[in-house]
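Listed below are the residues making up each chain.
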Amino acid sequence: MDHSAERSLSTYLTGFALAVVLTAIPFALVWGGLLTGPAVYAVIAVAAVLQVIVHLVFFLHMDFKSTPGENLFFLGFAAVLICIMVGGSLWIMMDLHHRMM
Amino acid sequence: MSETTLNSELLEHEEKKSLESREFGFWVYLMTDAVIFALLFASYVVLSKNSAAGPTSKDLFDLGHTAGETVLLLLSSLTFGVATIAMTSDHAGRVVLWLFITLLLGLGFLAMEMLEFYGMIAQGAGPGTSGFLSAFFTLVGTHGLHVAFGAIGICVMIGQVMIKGLTLPVRSRLVRLGLFWHFLDIVWIGIFSVVYLPGVM
């Protein structure tokens, strides 16, 4: 029991360290003005997606072995719904904005 | 005699099954909550430039303040994790201690957010000023409201661990509250990446 507790503490600490690094990178870039233009948005987006994955794996303990299939299915389903609704809304509104200019 | 042990075994088995299905139900709730937040993000992105000649995100956002909030919330995720570990090794006292630290960090986050909102409203940048600010207050306020409910949940669970001890249902509730708390941290990643960082550029 104690051994597994140690292991899970190191899991949380690894996740925490990764999350700190993935937060620090975009903050430092924006704060220092090191990059400009679309490159910054790309870095922010990539860091955010990676950090979400870090949280899911190290804090919510999701993996393909121990997590029940239904939970993964619902996560995937929510991701698809979000892509359709958010992607669709942004596509329509950006297009509208573009045509109104 | 053997019948009663059989019955209690059956009862324990059924209890475990019922707790498992509750955990799944909670997961489904979290996913629907994720959809709500995603749509609030979409509204914010659409409205973020519509400041109606009022203050823009560049005038209002302070990245240092956001970094402070991020640190508090991330640390609180870690301390909740430590509380979960204490639960698996049956240390009720340590669970209460780490939950209390998590609560303090969460309340610190809420205090910083309230301060930010109060400062903005005092500058005349309330939710009624422009489309940008309506979307901002709705998105960030909804997240803050979730954190407030999470803090209430932590208070309740501290009480339950102290009074009932680490029974099976209490453990299950603690696990579900942990899911909720870590989920809120994930939403916050979206908030600083979509709202604050692009807002100050």
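Note that the structure is a prediction, hence the values are computed from the model and not measured.

Scoring rules and cut-offs
- Residue positions within a chain follow its written sequence, with the count starting from 1.
- For naming, the first written chain is A and the first written ligand is 1, with later ones following in the order written.
- In keeping with the predicted nature of the model, local features appear solely for residues at pLDDT of at least 70, side-chain atom pairs appear and are counted solely at 80 or more, and the whole-chain, interface and lining totals rest on all residues.
- Numbering of helices and strands runs from the N terminus, with a helix taken as a DSSP run of H or I at least four residues long and a strand as a DSSP run of E at least two residues long.
- Radius of gyration: over C-alpha atoms. The globule rule applied is 2.2 Å multiplied by the number of residues raised to the 0.38 power.
- Labels follow a simple rule on C-beta atoms placed from the backbone: if 20 or more others lie within 10 Å of a residue's own, it is buried; if 12 or fewer, it is exposed; otherwise it is partly exposed.
- By the convention adopted here, residues are in contact when the distance between their C-beta atoms, placed from the backbone, does not exceed 7 Å.
- Polar here means any residue outside two lists: the nonpolar Ala, Val, Leu, Ile, Met, Phe, Trp, Tyr, Cys and Pro, and the charged Asp, Glu, Lys and Arg; Gly therefore counts as polar.
- Here a nonpolar core is just a set of buried residues of the types Ala, Val, Leu, Ile, Met, Phe, Trp, Tyr and Cys, joined wherever their C-beta atoms sit within 7 Å.
- Any helix carries an expected span of 1.5 Å times its number of residues minus one.
- Note on definitions: angles span 0 to 180 degrees between N-to-C directions of axes, and those axes are lines fitted to C-alpha atoms, for helices only across the stretch in contact.
- Any angle that falls under 35 degrees is termed roughly parallel, while one over 145 is termed roughly antiparallel, one within 65 to 115 roughly perpendicular, and all others oblique.
- Residue-level confidence of the predictor, termed pLDDT, takes values from 0 up to 100.
- Handedness of a crossing follows from how the near helix is turned relative to the far one, being left-handed for an anticlockwise turn of less than a right angle and right-handed for a clockwise one.

1. Re the overall build of chain A
For chain A, the helix and strand inventory stands at three helices and zero strands. If you list the helices and strands of chain A from N to C, you get α-α-α. For chain A, whose C-alpha radius of gyration is 18 Å, the value lies well above the compact-globule estimate of 13 Å for 101 residues. Along the three orthogonal principal directions, the C-alpha set of chain A runs to about 65 × 40 × 10 Å. Evaluated residue by residue, chain A yields a buried proportion of 16% over its 101 residues.

2. Looking at unusual backbone geometry
You will see that H61 of chain A, though not glycine, has its phi angle at about 50°, which is positive. With respect to the secondary-structure elements, H61 of chain A resides in the loop between α2 (38-59) and α3 (69-100). Look at H61 of chain A and you get partly exposed, because 18 C-beta atoms sit within 10 Å. A positive phi angle is found at D90 of chain B, which is not glycine, with a value near 60°. Looking at the secondary structure, you find D90 of chain B in the loop between α3 (63-88) and α4 (92-122).

3. Some thoughts on the interface of chain A and chain B
How large an interface is tends to be reported as the accessible area lost when its parts come together. The interface is formed by 36 residues belonging to chain A together with 34 residues belonging to chain B. The set of elements that each furnish at least two residues to the side of chain A that touches chain B consists of α1 (2-32), α2 and α3 of chain A. Sorting elements by how many residues they give to the side of chain A that touches chain B places α1 of chain A first, with 13 residues. Broken down by class, the residue content of the side of chain A that touches chain B amounts to 28 nonpolar, six polar and two charged.

4. Remarks on the nonpolar core
Formed by 64 residues in total, the largest nonpolar core has its most connected members in A83, F136, L139, I191 and V195 of chain B. Counting only elements with at least two residues in this core, the list comes to α1 and α2 of chain A together with α1 (2-47), α3, α4, α5 (131-164) and α6 (168-199) of chain B. When residues of this core are assigned to their parent elements, the largest contribution, 15 residues, is made by α6 of chain B. Not counting the four nearest positions on each side in its chain, F136 of chain B is found in contact with Y44 and V195 of chain B.

5. Focus on α3 of chain B
Helix length check: α3 of chain B, at 26 residues, gives a terminal C-alpha distance of 38 Å against a target of 38 Å (1.5 Å per residue), a fit within 8%. Of the residues one or two after α3 of chain B, D90 of chain B is the one with positive phi, at around 60°.

6. Considerations on the packing of α2 of chain A against α6 of chain B
Where α2 of chain A contacts α6 of chain B, the axes come no closer than 10 Å and their chain directions differ by 175°. If you check the angle between α2 of chain A and α6 of chain B, you find them roughly antiparallel. Note on element contacts: α6 of chain B touches α2 of chain A through H182, D185, I186, I189, G190, S193, L197 and P198 of chain B, opposite Y41, I44, A48, Q51, V52, H55 and F59 of chain A. Of the residues belonging to the contact of α2 of chain A with α6 of chain B, the class tally is nine nonpolar, five polar and one charged.

7. Some points on the confidence of the model for chain B
Predicted confidence across chain B gives a mean pLDDT of 94, with 99% of residues reaching 70 or more. With a pTM of 0.92, the predicted complex shows an ipTM of 0.90.

8. Structural notes on the packing of α3 of chain B against α4 of chain B
Residue and element names in this part refer to chain B. The interhelical angle for the contact between α3 and α4, taken along N-to-C directions, is 165°, at an axis separation of 8 Å. By the angle between their axes, α3 is roughly antiparallel relative to α4. The handedness of the crossing between α3 and α4 comes out as left-handed. Its residues assigned to classes, the contact of α3 with α4 comprises 15 nonpolar, seven polar and four charged.

9. A few points about the environment of L39 of chain B
Secondary-structure assignment places L39 of chain B in helix α1. Residues L39 of chain B and S89 of chain B, 50 residues apart in the sequence, show an inter-C-alpha distance of 40 Å. Residues contacting L39 of chain B, with those up to four places away along its chain left out, are M85 and V86 of chain A.

10. Considerations on the confidence of the model for chain A
Counting all residues, the mean pLDDT for chain A is 89, and 93% of those residues have values of 70 or more. Averaged pLDDT values over the elements of chain A bottom out at 87 in α1 of chain A and peak at 94 in α2 of chain A.

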